[in-house]
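In case you want the letters, here they are:
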Amino acid sequence: MIPEIGQFAMILALVLAAIQFVVPLVGAYRNDVAMMGVARTAATGQFVFVAIAFGCLTYAFLTDDFSVLYVANHSQLSLPTIYKISAVWGAHEGSLLLWALVLAGWTLAVARFSAGIPEAFAARVIGVLGFLSIGFLAFMILTSNPFERLVPAAIDGADLNPLLQDPGLAIHPPLLYIGYVGFSVAFAFAIAAMLSGDLDRSWARWTRPWTTVAWLFLTLGIALGSWWAYYELGWGGWWFWDAVENASFMPWLIGTALMHSLAVTEKRGLFTSWTLLLAITAFSLSLLGTFLVRSGILVSVHAFATDPTRGFFILAFLGVVVVGALALYAWRAPSLDSDAGFALLSRETFLLLNNVLLVIATAIVMYGTLAPLIYQMMDWGKISIGEPWFNFAFLIPTIPLIVLLGMGMHAAWRTQPTGTWLDVLKLPAIIGVVLGIIVPLFVYGRISVMLAVGCIAAFWILVSSLVPVIRSLRREKGATGMTRSMLGMTVAHFGMGMFVLGVTIVSAFGVESDRALSPGTSTEVAGFEFEMRELRNVTGPNYTAIEAVVDIRKDGGFIDTVRPQKRQYLVQTSPMTEAGIRAGLDKDLFVALGDQLGNGGWSVRIQYKPLIRLIWLGCLIMAIGGLIAASDRRYRVNVREKSKAPKAREATA
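Asks: Give a detailed account of the packing of helix H6 (residues 119-143) against helix H7 (residues 167-196), specifying residues and quantitative values.
Replies: The N-to-C vectors of H6 and H7 enclose an angle of 125°; their axes lie 8 Å apart at closest approach. Here H6 is positioned oblique relative to H7, judged by the angle of their axes. Considering how the two elements wind past one another, H6 and H7 form a crossing that is right-handed. In contact with Phe121, Arg124, Val125, Val128, Leu129 and Leu132 of H6, H7 contributes Ser184, Val185, Phe187, Ala188, Phe189, Ile191, Ala192, Ala193, Leu195 and Ser196. Residues that form the contact of H6 with H7 fall into these classes: 13 nonpolar, two polar and one charged.

Asks: Before we move on, could you go through the domain arrangement of the protein chain and cite the residues and values that matter?
Replies: Considered domain by domain, the protein chain is made up of domain 1 (1-160), domain 2 (169-414) and domain 3 (511-610). Each of domain 1 and domain 2 was reduced to a C-alpha centroid, and the two centroids are 25 Å apart. For the pair domain 1 and domain 2, the summed buried area comes to about 3,100 Å², and 86% of that belongs to carbon and sulfur atoms. Interface area lost by domain 1 to domain 2 is led by Trp99, Trp106 and Phe121, which between them contribute 25%. For the interface between domain 1 and domain 2, the tally reads zero salt bridges. Across the contact surface, domain 1 and domain 2 share one residue pair in polar contact (both at pLDDT 80 or more). Every element with two or more residues in the side of domain 1 that touches domain 2 is listed here: helix H4 (81-86), helix H5 (92-113) and H6.

Asks: Describe the sheet that holds strand S1 (residues 511-517), and please don't skip the residues or the numbers.
Replies: Spatially, S1-S10-S9-S8 is the arrangement adopted by the four strands of the open sheet, whose pairing is antiparallel. The open sheet terminates on both sides in strands that have one partner only, identified here as S1 and strand S8 (580-582). Mean inter-strand twist for the sheet, computed between neighbouring axes without regard to direction, equals 20°. In terms of strand pairing, S1 meets strand S10 (residues 601-610) through seven bridges, oriented antiparallel. Looking at S10, one finds that leucine 517 is bridged to tryptophan 602. Together, S8, strand S9 (587-598) and S10 form the strand contacts of helix H8 (residues 201-232), whose direction differs from that of S9 by roughly 45°.

Asks: So, the packing of aromatic side chains: which residues are in play, and what are the values?
Replies: Within this structure, the stated rule accounts for 33 aromatic pairs. Relative to phenylalanine 313, the ring of phenylalanine 139 lies with its centre 4.9 Å away and its plane at 25°, an arrangement referred to as stacked. In this pair, phenylalanine 139 sits in helix H6 while phenylalanine 313 sits in helix H11 (residues 308-332), placing the two residues 174 residues apart along the sequence. For phenylalanine 313, a relative accessible area of 27% puts it in the partly exposed group. Relative to tryptophan 616, the ring of tyrosine 230 has its centre 5.1 Å away and its plane inclined at 50°; by these criteria the two rings are tilted. Pair noted here: tyrosine 230 is in helix H8 and tryptophan 616 is in helix H17 (residues 613-630), with a separation of 386 residues, a long-range link. There is no split in this pair, since tyrosine 230 and tryptophan 616 are both buried. One aromatic cluster is present, built from ring pairs that chain together Trp215, Trp239, Trp241, Phe249, Trp252, Tyr367, Trp389, Phe390 and Phe394. Over the ring of tryptophan 331 we find arginine 332, and its NZ or CZ is 4.1 Å from the ring centre. The ring of tyrosine 543 carries arginine 567 above its face, with NZ or CZ at 4.1 Å from the centroid.

Asks: Any chance you could break down the state of the cysteines for me, citing the residues and the numbers?
Replies: Note: disulfide means a covalent bond formed between the sulfur atoms of two cysteine side chains. Under the definition given, this model contains zero disulfides. Left without a disulfide partner, cysteine 455 is nearest to the cysteine sulfur of cysteine 619, which lies 18 Å away. Given a relative accessible area of 0%, cysteine 455 falls into the buried group.

Asks: Before we move on, can you summarise the pairing of strand S7 (residues 575-578) with the specific residues and values?
Replies: The pairing of strand S6 (residues 565-569) with S7 spans four bridges and is antiparallel. Its bridge partner lying in S7, glutamine 568 is registered against proline 575. Counting the residues in the hairpin turn of S6 and S7 gives five residues.

Asks: Any chance you could break down the pattern of salt bridges for me, citing the residues and the numbers?
Replies: The final tally for this structure, using the stated rule, is 17 salt bridges. Between glutamate 266 and arginine 208 there is a salt bridge, and its shortest N-O distance comes to 2.7 Å. Of this pair, glutamate 266 sits in helix H9 (residues 243-268) while arginine 208 is found in helix H8, placing the two residues 58 residues apart along the sequence. Of the two residues examined, glutamate 266 and arginine 208, each falls in the buried class. Taken together, the shared-partner salt bridges connect Glu4, Asp65 and Arg149 into one network.

Asks: Before we move on, can you summarise helix H2 (residues 33-62) with the specific residues and values?
Replies: Helix length check: H2, at 30 residues, gives a terminal C-alpha distance of 44 Å against a target of 44 Å (1.5 Å per residue), a fit within 8%. For H2, the N-terminal cap is aspartate 32; the gap from its side-chain oxygen to the backbone nitrogen of alanine 34 is 3.0 Å. Directly after H2, the chain includes aspartate 64, whose backbone phi takes a positive value near 50°.

Asks: Tell me about a nonpolar patch on the surface, and please be specific about residues and values.
Replies: A cluster of nonpolar side chains, Ile430, Val433, Val434, Ile437, Ile438, Leu441, Phe442 and Ile447, forms an exposed patch at the surface whose accessible area comes to about 660 Å². Following the sequence through the fold, valine 434 ends up in helix H14 (residues 418-443).

Conventions and cut-offs
- Residue numbers run consecutively from 1 along every chain, following the written order of its sequence.
- With pLDDT at 70 or above as the cut-off, local features in this predicted model cover only qualifying residues; side-chain atom pairs require 80 or more to be listed or tallied, and sums for whole chains, interfaces and linings still use all residues.
- Note that the side-chain values use all heavy atoms of the structure and ignore hydrogens as well as water.
- For helices, the axis comes from a line fit to the C-alpha atoms of the stretch in contact; other axes are also lines fit to C-alpha atoms, and the angle between any two N-to-C directions lies between 0 and 180 degrees.
- Only DSSP runs of H or I reaching four residues or more are called helices, and only runs of E reaching two or more are called strands; each is numbered from the N terminus.
- Roughly parallel refers to an angle under 35 degrees, roughly antiparallel to one over 145, roughly perpendicular to one between 65 and 115, and oblique to any angle outside these ranges.
- Two helices that cross are described as forming a left-handed crossing if the nearer one is turned anticlockwise from the farther one by less than a right angle, and a right-handed crossing if clockwise.
- The contact criterion used throughout is that any non-hydrogen atoms of two residues lie within 4.5 Å.
- When residues are grouped by polarity, Ala, Val, Leu, Ile, Met, Phe, Trp, Tyr, Cys and Pro land in nonpolar, Asp, Glu, Lys and Arg in charged, and all others, Gly among them, in polar.
- Where each domain starts and ends comes from a domain assignment, either automatic or drawn from a database.
- The quantity reported as buried area is the accessible area (1.4 Å probe) lost by two parts once they are put together, taken as the sum for both.
- Here a salt bridge means any side-chain nitrogen of Lys or Arg lying within 4 Å of a carboxyl oxygen belonging to Asp or Glu.
- Contacts described as polar in this section are N or O atom pairs within 3.5 Å, which, within protein, must combine one atom able to donate a hydrogen with one able to accept it, while residues neighboring in sequence count only if both atoms come from side chains.
- By this definition, two strands are paired if DSSP reports at least two bridges between them.
- Two rings from Phe, Tyr or Trp (for Trp, the six-membered ring) form a pair when their centres sit within 6.5 Å of each other. Planes less than 30 degrees apart are called stacked, planes more than 60 degrees apart edge-to-face, and all others tilted.
- Only protein chains enter the accessibility calculation, which uses a 1.4 Å probe. A residue is then buried if its area is under 20% of the maximum for its type, exposed if over 50%, and partly exposed in between.
- Whether a charge sits over a ring comes down to the Lys NZ or Arg CZ being within 6 Å of the ring centre and within 35 degrees of the ring normal.
- Throughout, a disulfide means two cysteine sulfur atoms within 2.5 Å of one another.
- What a helix should span is 1.5 Å times the count of its residues minus one.
- Residues enter a patch when their relative accessible area is above 30% and they make no salt bridge; the linking distance is 9 Å between like charges and 5 Å between nonpolar side chains (Val, Leu, Ile, Met, Phe, Trp, Tyr).
- Here, Shrake-Rupley sampling with a 1.4 Å probe gives the accessible areas, and only protein chains in the shown set may cover a residue.

Here it is as structure tokens:
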């Protein structure tokens, strides 16, 4: 009975999504207030019914209802409760329902917090979101029903993929989807602005906080996925340039460009056409990522192995969304010229360069991701594009991007006097160069050109980010007060500096070694002694494991004990690796069990990872910066009571 309720709730949600799409847009066209008012009611109802469907599927997992095919395929009686919940979105059908729930949640948030936006504009935004909901709900109902029955019901389930039985994977997909789907709001605002022709600064101000919140969730989702892959897959890396990883990274890059472009459009009324194009592209790349994950054309630990015919539905929907949006853009583009100008040395110039470099970086990632697939589908032969190519090619736009980042945050709008600008940059540049050479040379023992470049760039961003805060606290002449928007920018850039420093140091000084160990033997890696004290059998709720007890010492002094495991799950019996990690802000010591060698010996992968935690800490700080920026008071002020921002505010970020 519960599955039938869930299925019926999805159908009702689709009906309300259709009403949400058609009625408000017609009302906005006719200037009919009653019809426009339907938008918020329909959005609320759609969210309620999608939430009911999601709750029904969750209940089916928690009660081990193996008469539901999806539950039988992805759960098991002894599966811990937390993983029964996360199994709801652990495969194609359930993750699509999570996508629909998140989209309905974003729509409800827009409906709830758009009271200050003109009614016709809000109706158009909610109507566009209704159209997107129609696409995903129809896809789910027609091709990916999570409530399909299994007759007769299974006695026990096939279990959740052991790779997904991890707390990180219980959190990672929801965060990633909130970010992914959140760009639909920026897309909807852009479409609404083009439909209405209201392309002044207001739409950019309304769009900016929604875009920032989506970006911060996507940042957290990507970082958490990287962290999970690091400790769960047993290889000790933090980014592999996997095609599905790239599918989430491309919208993040364009979303970052969009945030910066929105700042210019809001402050100066410039880059309007470019900002609209970025909003379309960010969500289009989110749909592209959905296609790549669900089409069956990728082989990846992150991909859902599904019927390729499902991918054609998403591809068709992607085509409708992109072609329709670009056609509307082409119609409005000729009217988007602005008479405002800016000097060569100005914040606008730096933000424009920022955008260009981010788009180039996205194009590089897209080429490296899609080229092997295109070559294969077109029978042009096979090409392999791996980590070395990505690492080299991605540096081409990112090194100048990092340098310009530290410069641009100190430039004024319209025009920047060269003398005062150089005075502000002088000290961060000196400190960046000095620390960028001293830290690798004296702390880690060697230096090279690329290592120096990375470290100097990292310290350059870190110190440059602190300058506005210090000047504001000291109330220096020419320093403006710190709005939340400016403070958020500063915090996010500081997080980027930490990220760059972590990537540079761990890439240059990380050590990886495969050794053979047996109980009572030890080995030395990177100056640390690793002794396998014992091997023992352990039993979990739905697995058995061999656990090694490994003591770590340095210069004879005890540091810690780690316990890597080789697990075998009761239903899906393929062996899984659980690394033992001695985590620290300055370094990680990583131990993973490999294969049994005989005579009680095991192959063991031991890694020394200096400053790797700065990678994820930097991402967290970036997300906090986004949260601070999104909470700026001017985004909460009723726009009907707010005139255009006075020119004095154009000095803020």
